[in-house]
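Survey of secondary and tertiary structure
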Amino acid sequence: MSGSVTRTDGHSGDAWVALARQRIMRTYPDTDVVFASGHGSWLVDTDGVEWLDFLSGIAVVALGHAHPAVTRAVAEQAATLVHASNLFLTTPALELAERLAVLAGWPDARVFFAQCGATANEAAIKLARRHGKLQHRDKVRIVTLEGSFHGRTLATLEATGQAGKHAPFMPLAGFVDTVAHDDPTALTAAVGADTCAVLLEVVQGEGGVRPLDAQMLAGARAACDAHGALLMVDEVQTGVGRTGSWFAFQQTDIVPDVMTLAKALGNGLPIGACIARGPAADALQPGEHATTFGGNPVTAAAALAVLDVIESEGLLDSVATRAAQLRTGFADLAAATGMVLEVRGVGLLLGVVLAAPVAADVAQRCRAARLVVNAVAPDVLRLAPPLNVSIEEVDLALEILGTAIAEAFTAAGVPAPHATASRTS
Ligand SMILES: *Cc1c(COP(=O)(O)O)cnc(C)c1O
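Residues numbered from 1 in each chain as written. Predicted model: local features only at pLDDT ≥ 70, side-chain atom pairs only at ≥ 80, totals over all residues. Heavy atoms only, no water.

Description of the overall build of the protein
Helices and strands together make up the secondary structure of the protein, namely 15 helices and 17 strands. Computed over its C-alpha atoms, the radius of gyration of the protein comes to 22 Å, within 12% of the 22 Å expected for a compact globule of 425 residues. For the C-alpha atoms alone, the extent of the protein along its principal axes is close to 65 × 60 × 45 Å. Here the protein, with 425 residues, has 51% of them falling under the buried criterion. When contacts within the protein are restricted to residue pairs at least 6 apart in sequence, those whose partners lie at least 24 apart make up 71%. Carbon and sulfur atoms make up 58% of the accessible area of the protein, which amounts to about 18,700 Å² in all. Side-chain charges in the protein split into 29 positive and 43 negative, and the spacing between the mean points of these groups amounts to 6 Å. (Helix = DSSP H or I, 4+ residues; strand = E, 2+ residues; numbered from the N terminus. Rg over C-alpha atoms; globule rule 2.2 N^0.38 Å. Buried < 20%, exposed > 50% of the residue type's maximum accessible area, 1.4 Å probe, protein only. Contact = heavy atoms within 4.5 Å. Areas by Shrake-Rupley, 256 points an atom, 1.4 Å probe, with all protein chains shown as cover. Lys, Arg positive; Asp, Glu negative; His and termini not counted. Charge placed at Lys NZ, Arg CZ, Asp CG, Glu CD.)

Written out as structure tokens, the structure is:
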């Protein structure tokens, strides 16, 4: 039995699914899909079937699967030096820190390298606490927004403005104040003398692909300035080109004191970063924070390759053109059927808002047609294809999505809104 599941030779996905159901903790949704390889915008399952990936491993594989430049960088670094600990220096992390400072436009930036989004945000929260406590002992509270997502460690879970995710773990530490994502007055009121930071996403990703409006961002910046708190932007999902700029804040009027990155930074290799400027960059002192794998040479080499490819392939520009192609496709669908209300988001982080709460069923129907997308709210589908997705791949995805949306409306017994209108008029 164990022999049959530990070797891939000639056996189908079923044995793997059985093993997963027995041996993997049940934290993730049950699935029967087992992927074995990938190339560009395509995943290949253990039966050899190709799937079009419009989620990119949840905004991670921004250059597509098995991008040769990343593969080469990882292989070369793995053959050179994999790990040396943070008691010593290694060059890939140093080069990467320099590159990130330049891309952010922050000449005085310092970087702490983590492994993922949660550990990057955890570093940011600790940094904010140290920065706050330099002013007074109780300046440790942070303000976050409803609908936000910042990770699953205890501190980042608490910072995540989704009560349902807190419930199984109550009580939490109680250092977070959460306000509505669209209420600048409430935000201003929540920031006070004991606030060390406001933590927010420029576009809430998991919370339904919801861009914050300019007033909210300006309000956060002003409240932080008024109270000596840090404005910290979680760019874990929006950063590294996803929105068409290196970082999403660069398309807004605000400049944060701290930003965090992860997801796309390593194109699938586990790396996160907490980047701070100004006095925040010096808030953490020797011995106050550390992690074994932070700045690991292999993951840093992967990230350097990612930044090189985004630059050399002009991907920030192609994000805008592919996003426009997708928006046009959905505008046509909206005009023809009324089943799509709105497409929100920035660049290639898009939320397709449906006129009925059938997003999960649409995602399931797309799966059956071998297109990967996911539902982030009952009525919202998230699309986050690779930044180098082709025109033809976008056309194919639009075709599959159009069919899946129509079928889901029919299955739910919801007439297409335009059909309703013509029947009643
Ligand atoms: C995914 C995500 C995180 C958590 O990242 P992990 O790598 O899963 O720990 C944090 N913030 C945002 C905005 C995210 O999208």
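Now that the structure is up, let's keep going.
Focus: the state of the cysteines
Considering all chains together, one arrives at zero disulfides under this definition. Left unpaired, Cys196 is separated from the closest cysteine sulfur, that of Cys224, by 9.6 Å. A relative accessible area of 1% places Cys224 in the buried class. (Disulfide = S-S within 2.5 Å.)

A short note on the pattern of salt bridges
Throughout the structure, instances matching the rule amount to 13 salt bridges. Measuring nitrogen to oxygen at the nearest pair gives 2.8 Å for the salt bridge that ties Arg365 to Asp361. Of the two residues, Arg365 and Asp361 are both situated in helix 13 (residues 359–368); the distance of four residues between them amounts to about one turn of the helix. Taking relative accessible area as the criterion, Asp361 reaches 29% and is therefore assigned partly exposed. Here the residues in one salt-bridge network are Arg221, Asp225, Asp257 and Arg277, joined through shared partners. (Salt bridge = Lys/Arg side-chain N within 4 Å of Asp/Glu carboxyl O.)

Side note on helix 6 (residues 117–133)
The terminal C-alpha atoms of helix 6 lie 24 Å apart, and with 17 residues this matches the ideal 24 Å at 1.5 Å per residue to within 8%. Of all the positions in helix 6, only Gly117, Ala118, Ala120, Asn121, Ala123, Ala124, Ile125, Leu127, Ala128, His131 and Gly132 are classed as buried. (Expected span 1.5 Å × (residues − 1).)

Thoughts on the environment of Thr119
Mapped onto the fold, Thr119 is located in helix 6. Separated by 155 residues in sequence, Thr119 and Cys274 place their C-alpha atoms 8.8 Å apart. Polar contacts involving the side chain of Thr119 include one to the main-chain amide nitrogen of Gln115, which spans 3.1 Å. (Polar contact = N/O pair within 3.5 Å; in protein donor to acceptor, adjacent residues only side chain to side chain.)

Focus on the environment of Asp108
Note on placement: Asp108 falls in the loop between helix 5 (91–104) and strand 4 (110–114). Assessed through its relative accessible area of 42%, Asp108 is described here as partly exposed. A sequence separation of 197 residues divides Asp108 from Ala305, and the C-alpha atoms of the two residues are 24 Å apart. Those residues within four positions of Asp108 in sequence are excluded, and the remaining contacts are Ala276, Arg277, Gly278 and Ala281. Within the local environment of Asp108, its side chain forms a polar contact with the backbone nitrogen of Gly278, the two atoms lying 3.0 Å apart.

Concerning unusual backbone geometry
The omega torsion of the bond from Met170 to Pro171 falls at 0°, within 30 degrees of zero and hence cis. Position of Pro171 among the secondary structure elements: in the loop between helix 8 (163–166) and strand 6 (176–179). Phi is positive for Arg370, which is not a glycine, with a value near 65°. Mapping Arg370 onto the fold places it in the loop between helix 13 and strand 15 (371–372). Given the relative accessible area of 31%, Arg370 is considered partly exposed.

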